[in-house]
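Chain by chain, the residues run as shown.
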Amino acid sequence: MYRTALRNVLAHKGRLLMTALAVMLGTAFVAGTMVFSDTFGKAMANSYSKSFSDVSVRVVDSAAGSGASARDKSERSPASLTDATVQQIAALPGAAGARGVVGGFTGVADKKGSLIGQAWSARGTNFAPAADGRDSRYPMVEGRGPQAAKEVALDRATADKGGYQVGDTVRVASNGPVVDAKLTGVFTTDDPEVVSGGTLTLFERATAQQLLLAPGQFSSIAVTAKPGVTESALLAEVRTKIPAGDQFSAETGQELKDAQAKMVASGTSSMKTMLLVFAFISLFVGIFIIANTFTMLIAQRTKELALLRAVGASRKQVTRSVLVEALVIGAVSSVAGLIAGVGIGAGMQALMGALDTGMPSGPLVVAPITIVVALLVGVLVTVLSALLPAVRAARIAPVAAMSSGDQPSTQKSLVIRNSIGSVLAAGGLALVAFGASTGNDTGRIPVGLGAALALVGVFVLLPLLARPVIALIGPALGRLFGTPGKLARQNAVRNPRRTAATAAALTIGLTLVSALTVLGASVGGAVDKAVTSAMKADYNVAMANGMGLSPQVPAEIAKTSGVAASSALTTVYWDLGGHSKAITGIDARTADQLLSLTFVNGSGAGLGKGEILVDTDVAKANGLTPGGSLAVTFPDDTKGTYTVGGVFEKNEMLNPVVLANSEIAKHDPEPYITDVLVKGADGATGSLKQSLKDATGSNPAIEVKTKQDVRDEFSQIITFALNMMYGLLAMSVIVAILGVVNTLAMSVFERKREIGMLRAIGLDRGGIKRMVRLESVVISVFGALVGVLLGCFVAWAVNGTMKSSIAGITTVVPYDRMALFLALAGLVGLVAAIWPARRASRLDILESIKTD
């Protein structure tokens with residue numbers, strides 16, 4: 001029986017080719033993901049391990065600098081890290097030396113005034129030379145380090161991107177006015193953030209403190225241990241010299257390395273998980289192809305199997321022979337997939353290098369677990385997919401098999417299948433509807449489980465759905481394409497199980513694609529609505545990296561010609577009603593010209609009188625209504641109360657609580673400035689936008705955006721995310737195409753006599769081609785239609801769970817894209833039918849008619 005199984009594989013290698021390709025592609029995706037993730041993770045770990053090579057202990061002030069969050073700033077103590085702190089730590093018995101470090105955001109403009117690199121990876125720090133005038137962390141390859149107020153040094157890559165040479169004037173900026181400085185040196189560094197494409201600017205110490213922090217202060221202190229002194233012992237000494245306050249922390253170099261390694265591992269693990277999910281989607285689609293292929297092969301070999309049973313083969317032997325065929329195909333395909341996966345991993349690494357992403361690179365890592373997983377997954381998926389067809393093969397009675405080439409499904413089996421499918425689909429849809437009705441994230445688990453159950457239930461019911469759905473387009477096919485159209489419709493519903501198994505592969509892909517598309521359109525619509533309805537201002541001025549603005553910026557903007565109204569939007573964290581809440585501050589005098597809030601109760605008229613505004617969530621949680629009072633604990637631990645002036649609908653632009661900036665200034669003189677809203681006297685004009693840029697000192701890190709710019713920015717983020725998802729789902733679509741090709745090719749083989757008879761009674765080769773192509777299109781569009789409908793339903797349910805986190809979200813179905821997906825599915829059907837249709841049209845009439 002084993003020799004028979006191997007001979008069958010060789011005898012039907014052409015018919016098994018698409019199955020092998022499907023397994024190979026899925027396995028290659030899995031292996032490629034693991035190889036790339038392991039290689040990337042190893043390179044990142046090696047790069048980041050150099051960050052703390054010369055640090056035994058590091059002390060950090062988390063509330064220092066422009067990079068500190070609003071919450072950090074609101075909770076900081078008046079103490080700071082100063083020269084005195086550095087000297088005290090350096091004098092400790094176990095310390096060989098201590099170095100004060102100033103760090104913060106610093107953007108560098110190119111010669112056109114645009115920001116070099118990404119804002120989130122642009123940093124500045126102090127040049128800390130030793131007695132010889134050199135800083136070992138930043139060896140100069142050209143010129144020297146900065147020594148005066150308006151001198152800077154740039155890393156090699158940044159200088160090259162900006163086209164700067166030593167002696168040039170470079171425009172740099174933090175969160176305030178820009179500085180035009182002389183470039184005194186160009187350096188190299190193994191700092192992983194710079195290696196990864198970030199920019200690094202060096203200032204002399206006093207300038208760095210003035211621009212990035214505060215005079216005489218440091219954001220961190222790096223301490224080196226004397227020989228023989230352990231890091232833990234030095235840490236204990238250092239802690240005795242750290243100022244009091246929750247914002248200060250100290251860690252050993254090893255703890256820092258471990259935390260960084262954990263961060264890198266977590267990041268690469270998340271990436272690997274996401275990619276593997278899409279890889280397993282491809283393999284799941286492949287299951288339908290494999291099962292369909294073996295079902296058709298067994299149907300075509302019923303006489304052969306019956307003869308084996310007649311000459312003494314047991315049911316177990318027949319089952320095992322089919323499974324051995326699947327095992328051989330799975331093993332060969334998995335090995336090929338593993339080799340292809342290694343190539344994919346190497347190709348992805350090479351692509352990142354070619355795109356100049358700045359990501360670290362290293363030798364290719366092919367871990368033993370990658371080999372084991374790739375081979376095991378490929379073999380298991382193939383064998384398990386062939387299990388049901390193998391069991392069916394063993395149950396064919398020898399006499400019945402020798403009397404017919406195809407055994408119809410019994411009424412009992414169809415009733416059982418449809419009953420199971422109905423229960424699964426109904427249960428899944430009920431769970432989805434329940435999850436959507438919650439209106440918050442607690443419903444996401446029911447929605448996820450329900451969607452999975454509904455998807456499986458629909459797959460089980462696809463044979464039942466195939467006949468009525470395809471019958472709807474039958475008359476149109478007949479009228480448009482004549483006899484080939486009628487034959488195509490009949491062929492598509494002749495074997496509903498086969499049609500369903502082929503269409504299911506496309507259903508999976510289109511369910512995910514359409515769900516993601518509807519979700520993207522819905523979220524984009526909610527954001528667009530929030531910006532359009534809430535923002536009356538013509539411009540929003542903010543830092544490109546999302547950090548706080550300098551207090552000088554709103555002051556300069558207010559004085560700009562053409563500005564009718566402006567206000568800084570500030571953020572503070574205060575204790576309200578026993579819970580820390582984010583509060584948005586705005587100038588009460590101009591608030592109604594810049595923002596449009598939808599009030600459920602009360603109004604914003606009392607904002608200038610010291611009243612507080614809360615959104616519906618805060619009002620509900622605290623039982624607040626207009627006229628009620630809310631207890632407040634201020635940053636200096638004094639207490640007070642505010643009268644509620646109004647309750648507004650949740651708004652994505654604002655925090656849950658709104659207060660006048662004048663009230664915030666009484667208790668927090670340095671609030672975190674997130675944005676500046678501007679209303680133009682003549683609306684949004686090009687001249688006003690340029691004036692606002694000039695008011696910021698043409699700071700390359702500060703963005704001046706119109707309402708449309710804000711909407712476009714969110715739209716680009718959503719489009720990028722969708723395109724990435726589409727790209728990852730492309731593999732499953734390719735596998736689905738292989739399934740359509742495979743089913744049609746095998747269908748043509750088993751219908752050779754029928755095709756020969758059609759040719760004999762007058763249907764020409766063109767008619768045969770049209771028949772096969774139309775059959776393919778019908779099956780593809782049927783699978784896509786079910787997928788689109790199911791995807792829209794799932795997206796509606798997911799939207800229901802996001803109502804509490806995204807204000808005003810409603811389900812938006814982009815009908816043009818849904819129609820495009822259906823049209824593309826039809827095109828996929830046409831492409832998939834090219835080879836089978838060509839093969840069918842070239843069959844010899846006499847040879848086909850006499851086929852046994």
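Residues numbered from 1 in each chain as written. Predicted model: local features only at pLDDT ≥ 70, side-chain atom pairs only at ≥ 80, totals over all residues. Heavy atoms only, no water.

## Quick notes on the overall build of the protein
Along the protein, the regular secondary structure elements total 28 helices and 24 strands. Relative to its full complement of 852 residues, the protein shows a buried share of 49%. Within the protein, one finds 77 positive and 61 negative side-chain charges whose respective centroids are separated by 17 Å. (Helix = DSSP H or I, 4+ residues; strand = E, 2+ residues; numbered from the N terminus. Buried < 20%, exposed > 50% of the residue type's maximum accessible area, 1.4 Å probe, protein only. Lys, Arg positive; Asp, Glu negative; His and termini not counted. Charge placed at Lys NZ, Arg CZ, Asp CG, Glu CD.)

## Points about a nonpolar patch on the surface
Together, I369, V372, L376, L380, L384 and L387 give the surface a local cluster of nonpolar side chains, amounting to about 560 Å² of exposed area. Examined against the element boundaries, L387 turns out to sit in helix 12 (residues 368–394). (Patch = residues over 30% accessible without salt bridge, like charges linked within 9 Å, V, L, I, M, F, W, Y side chains within 5 Å. Areas by Shrake-Rupley, 256 points an atom, 1.4 Å probe, with all protein chains shown as cover. Salt bridge = Lys/Arg side-chain N within 4 Å of Asp/Glu carboxyl O.)

## Digging into the environment of A84
With respect to the secondary-structure elements, A84 resides in helix 4 (residues 83–90). For A84, a relative accessible area of 39% puts it in the partly exposed group. It is 30 Å that separates the C-alpha atoms of A84 and E193, two residues lying 109 residues apart in sequence.

## Side note on the pairing of strand 6 (residues 122–126)
The buried fraction of strand 6 amounts to four of the five residues, a majority that puts the element mostly inside the structure. In this sheet, strand 11 (residues 199–203) lies alongside strand 6 in parallel orientation, the contact comprising five bridges. From the neighbouring strand, N126 faces strand 11, where its bridge partner is F203. (Pairing = 2+ DSSP bridges.)

## Observations concerning unusual backbone geometry
Here D637, not a glycine, exhibits a phi torsion of approximately 70°, which is positive. For D637, the location among the structural elements is in the loop between strand 20 (629–633) and strand 21 (639–648). For S698, which is not a glycine, the phi torsion comes out positive at approximately 55°. Following the sequence through the fold, S698 ends up in the loop between helix 22 (686–695) and strand 24 (702–706).

## Brief notes about helix 4
Because the α-helix completes a turn every 3.6 residues, residues three or four places apart line up on one side. Among the residues of helix 4, those classed as buried are T85, V86 and I89. Take helix 4 and look down its axis: the buried residues cluster within an arc of 100°, on one side only. Among the structural elements, strand 1 (57–61), strand 2 (81–82), strand 3 (95–101), strand 12 (217–218), strand 13 (220–225) and helix 8 (231–239) are those in contact with the buried residues of helix 4. (Arc of directions from axis to C-beta. Contact = heavy atoms within 4.5 Å.)

## Observations concerning the packing of helix 25 (residues 765–801) against helix 27 (residues 834–841)
Relative to each other, helix 25 and helix 27 sit at 145°, their axes nearing to 8 Å. For the element pair helix 25 and helix 27, the recorded crossing hand is right-handed. For the pair formed by helix 25 and helix 27, the contact residues are R765, I768, K769, V772 and R773 on the first element and P836, A837, R838, A840 and S841 on the second. Across the contact of helix 25 with helix 27, the residue classes break down as five nonpolar, one polar and four charged. (Axes fitted to C-alpha atoms, helices over the stretch in contact; angles between N-to-C directions. Left-handed = near helix turned anticlockwise from the far one by under 90°. Nonpolar A, V, L, I, M, F, W, Y, C, P; charged D, E, K, R; others polar.)

## Here's the deal with the packing of helix 24 (residues 752–760) against helix 25
Where helix 24 contacts helix 25, the axes come no closer than 10 Å and their chain directions differ by 140°. In terms of orientation, helix 24 and helix 25 fall into the oblique class. Two packed elements cross with a definite hand, and for helix 24 against helix 25 that hand is right-handed. Between helix 24 and helix 25, the residues in contact are I755, L758 and R759 and R765, I768 and M771, respectively. For the contact of helix 24 with helix 25, the per-class residue count stands at four nonpolar, no polar and two charged. (Parallel < 35°, antiparallel > 145°, perpendicular 65-115°, else oblique.)

## Observations concerning the confidence of the model for the protein
Mean pLDDT over the protein stands at 83; residues scoring 70 or higher make up 91%. Predicted confidence in the protein is weakest over helix 3 (residues 70–75), with a mean pLDDT of 44, and strongest over strand 8 (residues 151–155), with 95. Counted against residues more than four places away or in other chains, residues 66–77, with its pLDDT under 50, gives 34 contacts. (pLDDT = per-residue confidence, 0-100.)

## A short note on the packing of aromatic side chains
Geometrically, a pair of aromatic rings is defined through the distance of the ring centres and the angle of the planes. Enumeration over the complete set of coordinates arrives at six aromatic pairs. Look at Y138 and F187: their rings are 5.4 Å apart centre to centre, the planes differ by 65°, and that puts the pair in the edge-to-face class. Placement of Y138 in the loop between strand 6 and strand 7 (140–143) and of F187 in strand 10 (residues 178–187) is noted, with a sequence separation of 49 residues between them. Taken individually, Y138 and F187 each receive the classification buried, so the pair is uniform in this respect. Joined through ring pairs, the aromatic side chains of W574, F634 and Y642 make up one cluster. (Phe/Tyr/Trp six-rings, centres within 6.5 Å; stacked < 30°, edge-to-face > 60°.)

## Observations regarding helix 12
The end-to-end C-alpha separation of helix 12 is 38 Å, in line with the 39 Å expected for 27 residues at 1.5 Å each. The principal kink in helix 12, of about 40°, is found at L387, preceding the proline P389 by one to four residues. (Expected span 1.5 Å × (residues − 1). Bend = angle between axes of the 7 residues up to and from the residue.)

## Notes on the sheet that holds strand 3
Strand order in the open sheet formed by four strands is 3-13-1-14, and the pairing between neighbours is antiparallel. Both edges of this open sheet fall to strand 3 and strand 14 (248–252), since each of them pairs with a single strand only. Recorded for the sheet is a direction-independent mean angle of 15° between the axes of neighbouring strands. In this structure, strand 1 lies alongside strand 13, joined through four bridges in antiparallel fashion. The partner of V59 across the bridge, within strand 13, is I221. The sheet contacts of helix 4 involve strand 1, strand 3 and strand 13, and relative to strand 3 the element is tilted by about 165°. Of the strands in this sheet, strand 1, strand 3, strand 13 and strand 14 touch helix 8, which is tilted by about 165° from strand 14.

## Observations concerning the side chain of S219
As for its position among the elements, S219 is in the loop between strand 12 and strand 13. By relative accessible area, S219 is classed as buried at 10%.

## Some points on the pattern of salt bridges
Here the structure, examined in full by the defined rule, presents 18 salt bridges. One salt bridge in this structure joins D38 and K272, with 3.0 Å as the shortest N-O distance. Highlighted residues: D38 in helix 2 (residues 17–48) and K272 in helix 9 (residues 253–300), separated in sequence by 234 residues. Residue D38 is classed as buried on the basis of its relative accessible area of 17%. Between E151 and R144 there is a salt bridge, with its nearest N and O atoms 3.1 Å apart. Look at the salt bridges and you will find they share partners, linking R123, D191 and E193 into a network.

## Some details on the pairing of strand 16 (residues 563–576)
Burial within strand 16 is extensive, with 11 of its 14 residues counted as buried. Pairing of strand 16 with strand 23 (residues 672–680) involves eight bridges; the strand directions are antiparallel. Considered in strand 23, the bridge of L569 is made with D675. Note: strand 16 against strand 17 (residues 579–586), seven bridges, orientation antiparallel. Each residue of the ladder has a partner; that of T571, found in strand 17, is T584. Adjacent in sequence and paired antiparallel, strand 16 and strand 17 are bridged by two residues, among which G577 carries a positive phi angle near 60°. When strand 16 meets strand 20, the two strands line up antiparallel, connected through two bridges. By the bridge assignment for strand 20, L576 is matched with V632.

## As for the environment of I737
Within the secondary structure layout, I737 lies in helix 23 (residues 707–750). The exposure class of I737 is partly exposed, given its relative accessible area of 23%. C-alpha separation for the pair I737 and A819, spaced 82 residues apart in sequence, amounts to 19 Å.

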